[in-house]
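Here is what each chain is made of, one letter per residue.
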Amino acid sequence: MTQPLVQIRGLKKSFGTLRVLDGVDLDVAKGEAVCVIGPSGSGKTTLLRCINLLEPYDDGSIRVDGVEVGYDDNRKRRSERALAPIRADIGMVFQLFNLFPHLSALENVMLGLTKVRGISKAEAKDRATQWLTRVGLADKLQNLPSQLSGGQQQRVGIARAVAMEPKVLLLDEITSALDPELVGEVLQVVQGLARDGMTMIVVTHEMTFARDVGSRIVFMDEGRVIVEGASREVLANAASNERLKTFLARIEMKH
Amino acid sequence: MAYHFNFNFVWRYADKLYWGLVLSLEIALVSILIGMVIGLALALAYTGGGRLTKTAVSAYVEFIRNVPLLLLVYLVFYGIPSAGGFAYDAKTSFVATLAIYSGAYLVEVFRAGLDAIPKGLVDAGKAIGLTPWQRFLYVRAPMMFRIVLPSLSNVYVSLFKDTSLAYVIAVPELTYGANWIKTNTFRVIEVWLVVWPMYLVTCYALIYGLRILERRFSLVRR
Amino acid sequence: MIQFLINTLPFLWQGLLVTLAVSGLVVASSLVSGVLFGVGLVYGRWWIAWPIRVYSDILRGTPLIVLIFLIIYGLPLVGIDFGNYASAVIALAAFKTAHVAEIARGAIQSIHFGQTDAGKAIGLTFRQRLQYVIMPQAVRRFLPPWINAVADAVKGSALVSLAGIVDLTLATQQVIGRTYDPLPMYLLAAAMYFAINYSLSMASRRLESRFAYVRE
């Protein structure tokens with residue numbers, strides 16, 4: 001078996017006295033879409049934020065394409081400067097979009113291309129236009145985020161991340177801040193990316209999505225991975241694990 | 001050629017500094033009290049008034065806020081009596097200046113405070129049959145004062161610092177005391193090295209004390 | 001009357017120029033140092049942020065006139081003597097730096113942390129995040145209070161007259177010393193200060209509407 005693209009071993013993270021991640025192990029192969037589910041406070045968002053070191057981790061290891069994210073070869077914490085190129089290869093889409101409000105949709109996507117990748121303005125514009133067209137926003141290139149709906153903003157957020165051609169894409173509850181009728185358009189875009197073989201780690205509450213798009217489901221609780229397996233199997237055998245069963249029942253009730 | 005510090009002269013005249021500080025605090029207090037009356041009256045006039053009232057209040061606020069305090073001090077102490085043919089002592093003049101000055105800032109503070117009262121509260125007052133005056137007294141005023149209290153503290157602290165300008169018309173507050181000792185003993189830097197911490201400590205003592213007061217009146221109890 | 005105006009107006013004009021020069025120097029230098037200090041307050045490690053915090057709190061707790069005297073009389077003691085003019089400008093600039101630092105700190109902190117996250121996520125370095133993400137947004141929050149601070153600097157510059165520098169305020173007083181008719185001259189000076197500061201607050205309002213890229 002080839003080495004997994006993302007390899008997480010014994011990951012631990014505390015906020016003060018609160019242990020949020022308590023020894024997480026996870027492998028994600030190239031081209032896989034892994035859905036991470038679990039109750040709030042289970043550590044799934046923190047796990048995601050550790051992978052591109054928006055949160056530093058205390059112990060354990062995260063390797064993306066063989067490179068330890070948080071520490072250099074001497075186990076010294078990487079500087080911000082050293083982190084930047086690593087982060088550029090790890091895309092992230094946020095729950096609250098976090099678009100740059102002073103930049104148009106096009107400029108939001110172009111910023112990383114020109115300043116981080118060093119691509120010329122003209123080429124960056126072409127690429128950004130392509131991606132925005134792909135997510136269905138060809139007619140909104142010049143709009144500021146404040147002139148876009150939540151669903152449109154999130155699609156810009158996705159375009160901004162994938163335009164960097166990251167090795168892996170992290171999606172952090174990207175539909176939970178959206179009105180229900182706008183969820184579909186965003187999930188469709190993600191579905192398309194998954195089909196094209198984009199490696200993804202998706203934190204989500206959308207169970208149908210987890211079942212249909214995710215090749216694998218990871219259920220987390222209290223900072224640990226409790227259940228892990230092929231999506232359909234995990235959901236079909238949910239009854240065998242008490243915590244997963246309770247969690248799924250609670251999710252069902254909300255919908 | 002090192003300078004030889006000598007604080008003896010400063011200590012000999014310490015009472016000038018002490019009473020100067022007391023007078024500074026007193027001037028700031030009297031000024032802000034009068035300023036509050038001016039500010040509140042004009043804020044109410046502005047909120048409920050017609051176009052002419054609004055223009056007049058704005059003119060007062062804009063004029064005072066855009067002219068140096070030092071110039072206002074001169075204007076009130078030297079300028080106005082020269083035209084009116086009447087006189088008042090320096091302290092009265094300075095308190096009046098500072099009151100007019102703080103009034104202009106407090107109009108804005110009170111106006112913002114009145115605006116910040118939720119409309120539903122006034123409606124609730126109407127619903128239980130309070131008259132307009134009662135609504136002001138029991139609903140709007142208590143709410144407003146809690147909202148503006150932090151700003152009032154800020155204005156008081158900055159007025160206290162502004163009292164240092166009174167020395168230019170020989171009001172015997174702290175900076176005047178410092179200047180007096182300076183001219184009479186020539187221990188220039190020593191005086192300022194004593195007076196500076198006096199201002200500093202008083203400022204932060206005031207800020208700290210007023211915070212406690214604000215918390216006492218806060219609508220959120222913890 | 002006309003003779004009087006011919007005699008005094010050039011004198012007042014000189015004073016006005018000094019006032020504008022002092023204010024300009026103070027505003028320009030405090031803009032640079034204040035923004036640097038503000039960035040230091042927000043992003044600096046403790047050994048950067050802490051001294052700036054102490055500096056800012058001490059200066060903001062000191063009456064401006066006391067600060068001016070401290071610097072005019074204090075600097076020569078440590079062997080530095082710039083003269084009254086430079087010392088007064090330094091005092092005003094040091095004071096203004098503390099205020100600008102607080103304004104910059106507030107402006108930067110008003111930007112949601114998600115913006116920093118998003119900047120990091122696409123691989124921007126700290127400097128790039130400041131330059132392309134944080135600062136362009138913070139400018140909008142920074143400008144209105146900063147222009148107020150500029151107006152304060154113009155007003156504060158009147159205190160240099162107490163150090164014997166012939167600015168608009170001292171020029172006015174010197175004219176009065178010859179004419180013994182204070183009220184009209186003081187009103188004239190007030191009108192001049194008012195004209196400068198009122199145009200500043202007008203400019204501030206116009207800028208605010210120009211930066212309204214977020215519908216709020």
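What counts and what doesn't
- Residues numbered from 1 in each chain as written.
- Chains lettered and ligands numbered in written order.
- Predicted model: local features only at pLDDT ≥ 70, side-chain atom pairs only at ≥ 80, totals over all residues.
- Helix = DSSP H or I, 4+ residues; strand = E, 2+ residues; numbered from the N terminus.
- Contact = placed C-beta atoms within 7 Å.
- Core = buried A, V, L, I, M, F, W, Y, C linked by C-beta atoms within 7 Å.
- Buried ≥ 20, exposed ≤ 12 C-beta atoms within 10 Å, placed from the backbone.
- Expected span 1.5 Å × (residues − 1).
- Arc of directions from axis to C-beta.
- Nonpolar A, V, L, I, M, F, W, Y, C, P; charged D, E, K, R; others polar.
- Pairing = 2+ DSSP bridges.
- Axes fitted to C-alpha atoms, helices over the stretch in contact; angles between N-to-C directions.
- pLDDT = per-residue confidence, 0-100.
- Bend = angle between axes of the 7 residues up to and from the residue.
- Parallel < 35°, antiparallel > 145°, perpendicular 65-115°, else oblique.
- Left-handed = near helix turned anticlockwise from the far one by under 90°.

Participant: Describe the overall build of chain C, listing the residues and the values that go with them.
Facilitator: When you go through chain C residue by residue, the secondary structure sums to eight helices and zero strands. Put simply, chain C runs from its N terminus to its C terminus through helices and strands in the order α-α-α-α-α-α-α-α. Referenced to the eigenvectors of the C-alpha coordinate spread, the extents of chain C come out at roughly 70 × 45 × 25 Å. Put simply, of all contacts in chain C between residues at least 6 apart along the chain, 76% involve residues at least 24 apart.

Participant: Describe the nonpolar core, and please don't skip the residues or the numbers.
Facilitator: Counting residues in each nonpolar core, the largest one holds 199 residues, and the members touching the most others are A:Val36, A:Val109, A:Leu132, A:Ile201, B:Leu71 and C:Ile68. A per-element tally of this core places helix 4 (residues 83-109) of chain C first, with 15 residues. Once residues within four sequence positions are removed from consideration, C:Ile68 is found in contact with C:Ala88, C:Ala91, C:Leu159 and C:Ala163.

Participant: A description of helix 4 (residues 121-134) of chain A should follow, citing residues and the corresponding values.
Facilitator: Residues and elements named next belong to chain A. Along its 14 residues, helix 4 runs 20 Å from first to last C-alpha, staying within 8% of the 20 Å computed at 1.5 Å per residue. Every buried residue of helix 4 is listed here: Ala124, Ala128, Trp131 and Leu132. For helix 4, the arc enclosing every buried residue in end-on projection is 95°, short of the 170-degree limit, so these residues lie on one face. In this structure, the buried side of helix 4 is in contact with helix 3 (105-115) and helix 5 (150-162). Just beyond helix 4, the residue with positive phi is glycine 136, at close to 85°.

Participant: Run through the interface of chain C and chain B, naming residues and quoting values.
Facilitator: You'll often see interface size given as the accessible area lost when the parts meet. Opposite the 27 residues of chain C that make contact, chain B presents 29 residues. If you list the elements that add at least two residues to the side of chain C that touches chain B, you get helix 3 (64-74), helix 6 (126-156) and helix 8 (182-210) of chain C. Of the residues in the side of chain C that touches chain B, the class split is 20 nonpolar, five polar and two charged.

Participant: Tell me about the interface of chain C and chain A, and please be specific about residues and values.
Facilitator: Contacts between chain C and chain A engage 19 residues on the former and 23 residues on the latter. For the side of chain C that touches chain A, the secondary-structure elements that each account for two or more residues are helix 5 (113-121) and helix 6 of chain C.

Participant: Describe the pairing of strand 3 (residues 33-37) of chain A, and please don't skip the residues or the numbers.
Facilitator: Residue and element names in this part refer to chain A. Of all five residues in strand 3, five are buried, a share of seventy percent or more. Along strand 3, one buried face is formed by Ala33, Cys35 and Ile37 and the opposite face, lined by Val34 and Val36, is buried too. In this structure, strand 3 lies alongside strand 9 (residues 216-221), joined through four bridges in parallel fashion. The residue bridging valine 36 from the neighbouring strand is valine 218, located in strand 9.

Participant: Which residues make up the environment of A:Pro101, and what values go with them?
Facilitator: Tracing the sequence through the fold places A:Pro101 in the loop between strand 6 (90-93) and helix 3. In sequence terms A:Pro101 and A:Leu144 are 43 residues apart; their C-alpha atoms lie 6.6 Å from each other.

Participant: Which residues make up the arrangement of the chains, and what are the values?
Facilitator: Highest in contacts among the two pairs of chains that touch are chains B and C. No part of chain A reaches chain B; the closest C-alpha pair between them is 23 Å apart.

Participant: So, the sheet that holds strand 9 of chain A: which residues are in play, and what are the values?
Facilitator: All names here are of chain A. Pairing is mixed in the open sheet, where six strands are placed in the order 6-7-8-3-9-10. The open sheet terminates on both sides in strands that have one partner only, identified here as strand 6 and strand 10 (224-230). Neighbour to neighbour, the strand axes of the sheet diverge by 20° on average, direction disregarded. Here strand 9 runs beside strand 10; their pairing, made up of six bridges, is antiparallel. If you follow valine 218 over to strand 10, its bridge partner there is glutamate 228. Contacts between helix 1 (residues 44-51) and the sheet are confined to strand 3, strand 6, strand 7 (168-172), strand 8 (200-203) and strand 9, with strand 8 contributing the most and set at about 150° to the helix.

Participant: Please set out the sheet that holds strand 2 (residues 18-28) of chain A residue by residue, giving values where relevant.
Facilitator: All names here are of chain A. The sheet built from four strands is open, its strands ordered 2-1-4-5 with antiparallel pairing. Both outer strands of the open sheet, strand 2 and strand 5 (67-68), are each paired with one neighbouring strand and no more. Here strand 4 (residues 59-64) pairs with strand 5 via two bridges, running antiparallel. Bridging across to strand 5, valine 64 finds its partner in valine 67.

Participant: Which residues make up the confidence of the model for chain C, and what are the values?
Facilitator: Averaged over every residue, the pLDDT of chain C is 91; the share at 70 or more is 97%. Scored as a whole, the predicted complex attains pTM 0.88, and scored at its interfaces, ipTM 0.91.

Participant: Please set out the confidence of the model for chain B residue by residue, giving values where relevant.
Facilitator: Averaged over chain B, the pLDDT score is 90; the fraction of residues at 70 or greater is 98%. The secondary structure element of chain B with the lowest average pLDDT is helix 1 (residues 8-12) of chain B, at 79, and the one with the highest is helix 5 (residues 90-115) of chain B, at 95.

Participant: Describe helix 5 of chain B, with residues and values.
Facilitator: Its 26 residues place the ends of helix 5 of chain B 37 Å apart at the C-alpha level, agreeing with the 38 Å of an ideal helix rising 1.5 Å per residue. Along its length, helix 5 of chain B reaches its greatest deviation from straightness, about 30°, at B:Tyr105.

Participant: Can you break down the packing of helix 2 (residues 14-48) of chain B against helix 7 (residues 132-162) of chain B residue by residue, with the values?
Facilitator: Residue and element names in this part refer to chain B. Put simply, helix 2 and helix 7 touch, their axes get as near as 9 Å, and they point 135° apart. Relative to helix 7, helix 2 is oriented oblique. Between helix 2 and helix 7 lies a crossing whose hand is right-handed. Seen from helix 2, the contacting residues are Ser24, Leu25, Ala28, Ser31 and Ile32; seen from helix 7, they are Val155, Tyr156, Leu159 and Phe160. The residue inventory of the contact of helix 2 with helix 7, partitioned by class, reads seven nonpolar, two polar and no charged.

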